[in-house]
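Secondary and tertiary structure notes
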Amino acid sequence: MHMENKELDQLILQIPHDDSAFDNLYEQTKTIVFAYIMSIVKNYDESSDILQEVYIKIFLAAKNYSSMKKPLAWIYTIARNECYMHLRRKKINQEYDDNLSIPQNIDMDSQMILQQLFEVLNDIERQVIIMHSLWGFKHHEIASYLDIPISTSLSHYRRGMKKLKKAGGDMYDKII
């Protein structure tokens, strides 16, 4: 059953006051919104997850919704933003996973030395140092990705670098 814009508009306006309005909106629009998400993401499972996020956002944003002539445009905007946010996170996660190890452009001896040196670090120190020193991330990017304050990123970096210098001595100076 296809709903008219006016009916969708009314459902969205009723969501803060009536849970059945949200259920009805979901049932009436989930197929078309899912198709829209699939057209961007091109992955069924990821699209299903995004669809749920979209409807959570719709539910939370409904209290601020003001009547429009095209409520589907509002829904699509939320869906599009959620898709792009998902794709950005996925790209960052993929780059992170691909580069979690020491870059391959470092010679084999240095890779082995770094591997040994990194054993003195805890996980967060190792992550911060690899991301900053070897991949070139800025501390605000590291903080955002690891969901920590910038000051925490900086302190883990400094503390880790001190540990590396202490553990590595002369070897440290050759490669860092």
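Everything that follows concerns the structure shown earlier in this document.
Quick look at the overall build of the protein
In terms of helices and strands, the protein carries nine helices and zero strands. A total of 176 residues make up the protein; the buried ones form 36% of that total. A separation threshold of at least 6 residues defines the contact pool for the protein, and within that pool the share at least 24 residues apart is 60%.

Examining the nonpolar core
Judged by nonpolar contacts, the single largest core of 26 residues is most densely connected at Leu25, Val33, Ile37, Val54, Tyr55, Ile58 and Ile75. Of all the elements in the fold, those that place two or more residues in this core are helix H1 (5-14), helix H2 (19-41), helix H3 (44-61) and helix H4 (71-98). Residues in contact with Val33, not counting those within four places in the same chain, are Leu51, Val54, Tyr55, Ile75, Tyr76 and Ala79. Counting residues in hydrophobic clusters, the runner-up holds 14 residues, among them Ile130, Ile142, Ala143 and Leu164.

Observations regarding H3
In this model H3 runs 25 Å from its N-terminal to its C-terminal C-alpha over 18 residues, within 8% of the 26 Å that 1.5 Å per residue would give. The backbone nitrogen of Asp45 lies 3.1 Å from a side-chain oxygen of the residue at the head of H3, namely Asn43.

Examining the packing of aromatic side chains
Each aromatic ring pair is summarised here by two numbers: the centre-to-centre distance and the angle between the ring planes. Evaluated as defined, the whole model comprises six aromatic pairs. Ring geometry for Phe34 against Tyr44: centres 5.3 Å apart, planes inclined by 70 degrees, an arrangement best described as edge-to-face. On the criterion of sequence distance, the pair formed by Phe34 in helix H2 and Tyr44 in helix H3 is long-range, its members being ten residues apart. Looking at Phe34, the relative accessible area reads 18%, which means it is buried. Given the relative accessible area of 55%, Tyr44 is considered exposed. An aromatic cluster is defined as three or more aromatic residues linked by ring pairs; in this entry it consists of Phe22, Tyr26, Tyr55 and Phe59.

As for a nonpolar patch on the surface
A contiguous nonpolar patch, built from Ile56, Phe59 and Leu60 and spanning about 280 Å² of accessible area, is present on the exposed surface. Structurally, the position occupied by Leu60 is in helix H3.

Examining the side chain of His86
On the secondary structure map, His86 appears in helix H4. If near-sequence neighbours (up to four positions away) are discounted, His86 is found in contact with Val41, Glu46 and Ile50.

Remarks on the pattern of salt bridges
Scanning all chains against the criterion turns up three salt bridges. Between Glu27 and Lys30 there is a salt bridge whose closest N-O contact spans 3.2 Å. In this pair, Glu27 and Lys30 both sit in helix H2, three residues apart, roughly one turn of the helix.

Some points on H1
All buried positions along H1 are accounted for by Leu8, Asp9, Leu11 and Ile12. The buried residues of H1 occupy an angular sector of 160 degrees when the element is viewed end-on, so they sit on one face.

Concerning the packing of helix H6 (residues 123-134) against helix H8 (residues 150-168)
Where H6 meets H8, the axes come as close as 8 Å, and the angle between the chain directions of the two elements is 95 degrees. By the angle between their axes, H6 is roughly perpendicular relative to H8. Along its contact with H6, which presents Ile124, Glu125, Val128, Ile129, His132 and Ser133, the element H8 presents Ser153, His156, Tyr157, Arg159, Gly160, Met161, Lys163 and Leu164. Partitioned by chemical class, the residues of the contact of H6 with H8 number six nonpolar, five polar and three charged.

Considering the packing of H2 against H3
At a minimum axis distance of 9 Å, the contact between H2 and H3 shows a crossing angle of 140 degrees. The angle between H2 and H3 places the two elements in the oblique class. In this structure, the crossing between H2 and H3 has a hand that is right-handed. Across the interface between the two elements, Asp19, Phe22, Leu25, Tyr26, Thr29, Lys30, Val33, Phe34, Ile37, Met38 and Val41 from H2 touch Tyr44, Glu46, Ser47, Ser48, Ile50, Leu51, Gln52, Val54, Tyr55, Ile58 and Phe59 from H3. Residues that form the contact of H2 with H3 fall into these classes: 15 nonpolar, four polar and three charged.

How each quantity is defined
- Here the residue numbers are simple positions, counted from 1 along each chain's written sequence.
- Since the coordinates come from a predicted model, pLDDT governs what is reported: local features require at least 70, and pairs of side-chain atoms require 80 or more to be given and counted, while whole-chain, interface and lining totals use all residues.
- Side-chain measures were taken over the full set of non-hydrogen atoms in the model, leaving aside hydrogen atoms and water.
- Secondary structure elements are taken from DSSP: a helix is a run of H or I of four residues or more, a strand is a run of E of two residues or more, and numbering for both begins at the N terminus.
- Throughout, exposure labels follow a simple rule: accessible area from a 1.4 Å probe, protein chains only, divided by the maximum for the residue type, with under 20% read as buried, over 50% as exposed, and the rest as partly exposed.
- Whether two residues are in contact is decided by their heavy atoms: any pair within 4.5 Å suffices.
- For this analysis, a nonpolar core means a set of buried residues of the types Ala, Val, Leu, Ile, Met, Phe, Trp, Tyr and Cys, connected via side-chain atoms within 4.5 Å.
- Expected span of a helix, by definition, is 1.5 Å for each gap between consecutive residues, and there is one gap fewer than residues.
- Here a polar contact means two N or O atoms within 3.5 Å. Within protein one must be a hydrogen donor candidate and the other an acceptor candidate, and residues neighboring in sequence count only if both atoms are side-chain atoms.
- Two aromatic rings from Phe, Tyr or Trp, using only the six-membered ring of Trp, form a pair when their centres are within 6.5 Å; if the ring planes differ by under 30 degrees the pair is stacked, by over 60 it is edge-to-face, and anything between is tilted.
- Patches here are clusters of residues that have more than 30% relative accessible area and form no salt bridge, with a 9 Å joining cutoff for like charges and a 5 Å cutoff for nonpolar side chains (Val, Leu, Ile, Met, Phe, Trp, Tyr).
- The protein chains shown are the only cover counted for residues, whose accessible areas, like all others here, come from Shrake-Rupley with a 1.4 Å probe.
- For this analysis, a salt bridge means a side-chain nitrogen from Lys or Arg found within 4 Å of a carboxyl oxygen belonging to Asp or Glu.
- Directions are taken from the helix axis to each C-beta atom, and the arc is the one they span.
- To obtain each axis, a line is fitted to C-alpha atoms, and for helices this fit is confined to the stretch in contact; angles are then taken between N-to-C directions over 0 to 180 degrees.
- Angle categories are assigned with fixed cut-offs, so that under 35 degrees is roughly parallel, over 145 is roughly antiparallel, 65 to 115 is roughly perpendicular, and the rest are oblique.
- Polar here means any residue other than Ala, Val, Leu, Ile, Met, Phe, Trp, Tyr, Cys and Pro, which are nonpolar, and Asp, Glu, Lys and Arg, which are charged; Gly is therefore polar.
- For a crossing to be left-handed, the near helix must be turned anticlockwise from the far one by less than a right angle; the clockwise case is right-handed.

Nothing here speaks to function; it is all geometry.
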